[in-house]
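# Structure at a glance
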Amino acid sequence: MTFRLDKSYRINEWSLNQPVPLSSNFNDDVAPSPINQEDDVLANSLDLPSLRFDSEESCGIPVGMRVDRVRVNSIEDEYLYVDNYEVKGKSIFPKTEKHQNSRIENIALYVHQSQNYFNPKYQPWSKNGKRAYDIIYHPIVYYFDLLMCVLLLLLTCFEPPLTELFLPHESEFFIITSILESILIVYFVIDLVLRYSWLGAKRFLRHQTTFLRLIGVIFVTIDFILALTIPSYCDNRLLRVFRPIIFLTSHRNRNIRSVMKQLFNSIRSILDLYILYIFYVSIFSFLTYHLMWGYDSDDFSSFSDTFITIFELSTKVNFPGIMLPSLEQNILVSLAFIPFLTFGVYVLTNILLAVVKDHFNKLEKERLKILLEYRRTCLQRAYNLGTQFSPSGWDYSLFRRVMVSLTKTISEKQCLLMFKVLDRHNNQNLSWKEFKQLSNVLSMKWRRSDLTNLSKVWHNMIQILRLRRLSTYAFLLVSSELFQFFMNSVIFINFIGIFCGTIIYHNPTDLINDHKIVYWAIVFLPFYIFEFSSQILGFGPFYYFTEKWYFWDFVILVCTILLSFLSLFPTPYEVQFVTFLIVIRTLHLLRILNARKSFRRLFSIIVLSIPDLMRFFLSLFLAFYVYAIIGMFLYAGKLKSCSFNSRGIPQLNSKCGKMYDLQSEPQGLYYLINFDDIFYSFITLFILMTGKSWSTIADGFVAVTSVYSYLFFIFYYLFVVLIVTNVAAAFVLELYKKLSTTLGDSYTVIVSISKKMMKKYKFDEDVGTDEMIYVGKRSLSQIDSLMVLYQSEDWIQKDEISPIGDFYVSN
């Protein structure tokens, strides 16, 4: 049953989170009346008992009944619900405050899962599970967990095999790393306990991220125990390859986890192509081996040598070095190399790229489908719980309680603005179609419309009339195209002077010792200072320092002033000051490039692509990490025998080749490409990824181990170099397509709030008008960009949550 509060009662402020118990009659505080016709129909449909009152004096409710919660059927009016009604033995409303809070927490959890695209079947069921869930997915714990995972990876830098820089302190590092690793293992075990409390016994192993973390923690713990108990194992700890698994299970690395999953799935999708590639190399190896039979050639002396040579040729490495000796002995073989390379390089490689790109798109679409399904299901469950909690629907009171439970620091203004955005039909009640748009407004940043134009705000703040006029003139000056053309010309002339000085002087020392280049830079300083002063006066400091290119100009100006004056005085760092000054003034040329629309678009795409590219580079880093651990386990300390004898004296091992001969000219420094520690291992893997001289590097490792070491380098080329280069190409193509489609787009809405409502909800806003307009805005996320990119798909249209077309609304 519903009662409307009288104005005298509505004046009082009360908590929406703590229902008010009523142990006596309302007396004159409540005037009973039906809300509207729809509520009467709803009450009849629920078969609720009705109470009729003949007069206000008889208005009351029995002692012991409790007000369930405060409900706002209209943002202007409040209503009360009484909680003791049952229909067919089932309670319509939660009977106690404890049950109400529990229901609100469940709704907030589903909303939180929808925002993070979690699988709704892993909703916590018990109180302890909810507490564990809140701890695991607390924003501070996100970053702390990421820090722990990064520390676990960085421990490798201070563990054997150590670089020569750390060798004198090997025992000290072992003690420190052992203590730190034990602390990290304890933390990850506690995290698993919390996950067990959240998921329970049945769902613990079904949750993929938790299961991967469990595997990683088990093997990392075994690795730690073996390192403490077996001294020989401590030198090369192979089980460290499982550390990246723990890193991937961090919540902040979920995008990296998706990239790694796509990399593994790409390998599965092109496995047939790999088989064709190996078969193709084997057939040509068999043909070449028989054609070169009887000729004096080390590259084709046996079938295994021939296979390695042809595989090396297929990677486009050392083509003249292989072809020219064979051309001298048998022209048929050299002629056979041409169709081999033509088909292998221009057909198979491009087919590989096409297959990887097509599979990459399919995986991206499937991933997006799954995430949208998770979000829709979570929101649907949250909405259903809310309607069960309140048969009248999602009114403002329920919405606010859920938002407060979801985000403790949310303000009343944010709640009200979000509710008004969602309430498109302005009936103070959210339908399912309206509630689905909650994902689009939760992360919005709100600003008053009169504060969106920062330049206008700056002019309004100036109280002195003459200064305001001067600011207006400065604004007109710096906004004019003529002034921008003049300043761009100054920058270009300054760069031409530095460029000519670099050409005229024979070496950088003469250029630096002669301070003319410094004087040339100081000559242009007044122009830059005048521009800065005019922009600050015209636009105001708020707008100036929030614009990226203006802030870039300010940084360059400050650096130029400091370096110019420091370069005039004799100091030990005079040369460095002049060098930095030249570099800084050259970087200012980017502003001229930004003046062109095409360059400005490219710059924007590059800046926006950095977060996505970072997750790809981090995935590549993890692949390097795994191969580096395996490489150190197999080859640590062995390659130096190619260039040094047992006493450490430079001496060439004849099996390794002249590239390892320190006595030759130029010196053979290939022994530096090794797996002696984690730093050298990463350098070696990067050189191998470029595909240059990988056969020469492999020959050195084969010389000090066995011919089977070729397998290490062949598999690295097949499963890292080919996959990474092709996935990188597909990734960049899709990224460019996505960013160019949604470049500059954002989700923006406009909401108006009356002065009466602002006073009612105690907005801390000093407004002179009867209505205040707020602008809500958020940038499109990665999921939003993908939805816009695939907006023509039927499954996107059915989702109806995407920020496309009609879903950009204004209230």
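Naming follows an unreviewed UniProt entry, where the protein appears as Two pore calcium channel protein 1 isoform X3 of Oopsacas minuta. For the protein, the Subcellular location (unreviewed entry) comment in UniProt is given as "Membrane".

## Concerning the overall build of the protein
Helix and strand content of the protein: 35 helices and nine strands. Expressed as a percentage of its 811 residues, the buried residues of the protein come to 47%. When contacts within the protein are restricted to residue pairs at least 6 apart in sequence, those whose partners lie at least 24 apart make up 71%. Carbon and sulfur atoms make up 63% of the accessible area of the protein, which amounts to about 42000 Å² in all.

## Observations regarding the UniProt feature "domain: EF-hand" (unreviewed entry) in the protein
According to UniProt, the "domain: EF-hand" (unreviewed entry) feature falls on residues 410-445. Structurally, residues 410-445 is divided into 53% helix and 3% strand, and its ends, taken at the C-alpha atoms, are 12 Å apart.

## Looking at the layout of surface pockets
Approximately 1500 Å³ is the volume attributed to the second largest pocket. Breaking the lining of the second largest pocket down by element, the ones donating at least two residues are α6 (170-204), α7 (208-229), α9 (243-248), α10 (254-269), α14 (331-389), α29 (597-635) and α32 (709-742). Here the element with the most residues in the lining of the second largest pocket is α10; it accounts for 11 residues. Looking at the lining of the second largest pocket, its residues break down into 28 nonpolar, 12 polar and eight charged.

## A short note on the packing of α10 against α32
Here α10 crosses α32 at 110 degrees, and the two axes come no closer than 11 Å. Of the possible angle classes, the one that applies to α10 and α32 is roughly perpendicular. Touching Leu263, Ser266 and Ile267 of α10 are Phe719, Ile723 and Val727, all from α32. In terms of residue class, the contact of α10 with α32 is made up of five nonpolar, one polar and no charged.

## Some words on the packing of helix α20 (residues 465-479) against helix α24 (residues 525-539)
Two numbers describe how α20 lies on α24: the axes approach to 7 Å, and their chain directions differ by 120 degrees. In terms of their interaxial angle, α20 and α24 are classed as oblique. Seen from above, α20 lies across α24 with left-handed handedness. On the side of α20, the interface is formed by Leu467, Leu470, Ser471, Ala474, Phe475, Leu477, Val478 and Ser479, while α24 contributes Phe530, Ser534, Gln535, Leu537, Gly538 and Phe539. Split into classes, the residues belonging to the contact of α20 with α24 amount to nine nonpolar, five polar and no charged.

## Concerning the sheet that holds strand β8 (residues 746-754)
Judged by pairing direction, the sheet is antiparallel, and its three strands sit side by side in the order β7-β9-β8 without closing on themselves. Each edge of the open sheet is held by one strand with a lone partner, namely β7 (445-448) and β8. Across the sheet, the mean angle from the axis of one strand to that of its neighbour is 25 degrees, orientation sign disregarded. Note: β8 against strand β9 (residues 771-779), nine bridges, orientation antiparallel. Within the sheet, the bridge partner assigned to valine 751 lies in β9 and is tyrosine 774.

## Examining the packing of aromatic side chains
Scanning the model with the defined rule gives 53 aromatic pairs in all. Ring centres of phenylalanine 311 and tryptophan 694 lie 5.9 Å apart, and the angle between their planes is 85 degrees; this geometry places the pair in the edge-to-face category. Residue phenylalanine 311 is found in helix α12 (residues 303-314), and its partner tryptophan 694 is found in helix α31 (residues 694-704); the two are separated by 383 residues along the sequence. Taking 5.7 Å as the distance between ring centres and 90 degrees as the angle between the ring planes, the aromatic pair formed by phenylalanine 675 and phenylalanine 712 counts as edge-to-face. Within this pair, whereas phenylalanine 675 is found in the loop between α29 and α30 (678-690), its partner phenylalanine 712 is found in helix α32, the two being separated by 37 residues in sequence. Taken individually, phenylalanine 675 and phenylalanine 712 each receive the classification buried, so the pair is uniform in this respect.

## Quick notes on empty space enclosed by the protein
By the definition in use, this model includes seven cavities of 30 Å³ or more. Each pocket or cavity is described by its volume, and for the largest cavity that value is around 90 Å³. Every residue along the wall of the largest cavity is listed here: Phe360, Glu364, Asp612, Arg615, Phe731, Glu734, Leu735, Lys738, Gln782, Leu786 and Tyr790. Secondary-structure elements contributing two or more residues to the lining of the largest cavity are α14, α29, α32 and α34 (782-789). If one sorts the elements of the lining of the largest cavity by residue count, α32 sits on top with four residues. Of the residues assigned to the lining of the largest cavity, the class counts are five nonpolar, one polar and five charged.

Procedures and definitions
Residues numbered from 1 in each chain as written. Predicted model: local features only at pLDDT ≥ 70, side-chain atom pairs only at ≥ 80, totals over all residues. Heavy atoms only, no water. UniProt positions renumbered as here; feature names shortened; annotations may be inferred. Helix = DSSP H or I, 4+ residues; strand = E, 2+ residues; numbered from the N terminus. Buried < 20%, exposed > 50% of the residue type's maximum accessible area, 1.4 Å probe, protein only. Contact = heavy atoms within 4.5 Å. Areas by Shrake-Rupley, 256 points an atom, 1.4 Å probe, with all protein chains shown as cover. 1 Å grid on protein atoms, 1.4 Å probe; cavity = no way out; pocket = protein on both sides within 12 Å on 5 of 7 lines; lining within 4 Å. Points joined across faces, edges and corners; volume = space filled by probe spheres on them. Nonpolar A, V, L, I, M, F, W, Y, C, P; charged D, E, K, R; others polar. Axes fitted to C-alpha atoms, helices over the stretch in contact; angles between N-to-C directions. Parallel < 35°, antiparallel > 145°, perpendicular 65-115°, else oblique. Left-handed = near helix turned anticlockwise from the far one by under 90°. Pairing = 2+ DSSP bridges. Phe/Tyr/Trp six-rings, centres within 6.5 Å; stacked < 30°, edge-to-face > 60°.

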